Amino acid sequence: MRSMSAAGDLRKTATGCAATRILLSGPSAPPAEGKGSTAIVIAQVDTLAEFEAFSAGDPFVRSGVYASVNIFEWRPSFGLLLESL
């Protein structure tokens, strides 16, 4: 498995030219001892399948940084950032 920083460098390069529009992305707070870490990516895409394909090519996914990935549709309805979407 590659280190998080090496995969992160690849990720920034790979996601910078992708058609998927990443709105926010980042890790959760440091995990409790013995627990895995998590991350969240909020993206604007035309279809869920588009993001599934994007995720399959993500260097963090491909290098095993993430043991699993859960992808679901989210429909924002309230909040300060809503106008910028």
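Since we're looking at a predicted model, the values are computed, not measured.

Turning next to the overall build of the chain. Helix and strand counts for the chain come out as 3 helices and 2 strands. Helices and strands in the chain line up, N terminus first, as α-β-β-α-α. Within the chain, the proportion of its 85 residues that are buried is 15%. The long-range share in the chain, meaning contacts at least 24 apart out of those at least 6 apart in sequence, stands at 49%. Split by element, the accessible area of the chain, about 6,600 Å² in all, is 57% carbon and sulfur.

Now for the side chain of Ser-55. Summarising the element assignment, Ser-55 is placed in helix H2 (residues 48–56). Among all residues touching Ser-55, those that are not within four sequence positions of it are Val-61, Val-69 and Ile-71.

What follows covers the environment of Gly-26. Mapped onto the secondary structure, Gly-26 falls in strand E1 (residues 21–27). Residues Gly-26 and Thr-38 lie 12 residues apart in sequence; the distance between their C-alpha atoms is 8.8 Å.

The next thing to look at is the pattern of salt bridges. The tally for this structure, following the rule as stated, stands at 1 salt bridge. Notably, a salt bridge pairs Arg-75 with Glu-73, separated by 3.2 Å at the nearest N-O pair. The exposure classification of Arg-75 matches that of Glu-73, with both residues exposed.

Attention now goes to the confidence of the model for the chain. Across the chain, the average pLDDT comes to 77, with 76% of residues at 70 or higher. Of all the helices and strands in the chain, helix H1 (residues 4–16) carries the lowest mean pLDDT, 50, while H2 carries the highest, 92.

This paragraph deals with H2. Of the residues making up H2, those classed as buried are Phe-51, Phe-54 and Ser-55. Buried residues of H2, viewed axially, fall in a sector of 95 degrees; they line one side. More than 90 degrees from the buried face of H2, the exposed residues found are Ala-49 and Ala-53.

With that settled, the discussion passes to the environment of Leu-82. Within the secondary structure layout, Leu-82 lies in the segment after helix H3 (59–62). Those residues in contact with Leu-82 that sit more than four places away from it in its chain are Pro-76 and Ser-77.

Glancing now at the packing of aromatic side chains. Under the counting rule described, the total for this entry stands at 2 aromatic pairs. Aromatic pair Phe-51 and Phe-54: ring centres 5.3 Å apart, planes at 35 degrees, arrangement tilted. In this pair, Phe-51 and Phe-54 both sit in helix H2, 3 residues apart, roughly one turn of the helix. Judged by relative accessible area, which is 13%, Phe-54 ranks as buried.

Cut-offs and rules
- Residues numbered from 1 in each chain as written.
- Predicted model: local features only at pLDDT ≥ 70, side-chain atom pairs only at ≥ 80, totals over all residues.
- Heavy atoms only, no water.
- Helix = DSSP H or I, 4+ residues; strand = E, 2+ residues; numbered from the N terminus.
- Buried < 20%, exposed > 50% of the residue type's maximum accessible area, 1.4 Å probe, protein only.
- Contact = heavy atoms within 4.5 Å.
- Areas by Shrake-Rupley, 256 points an atom, 1.4 Å probe, with all protein chains shown as cover.
- Salt bridge = Lys/Arg side-chain N within 4 Å of Asp/Glu carboxyl O.
- pLDDT = per-residue confidence, 0-100.
- Arc of directions from axis to C-beta.
- Phe/Tyr/Trp six-rings, centres within 6.5 Å; stacked < 30°, edge-to-face > 60°.

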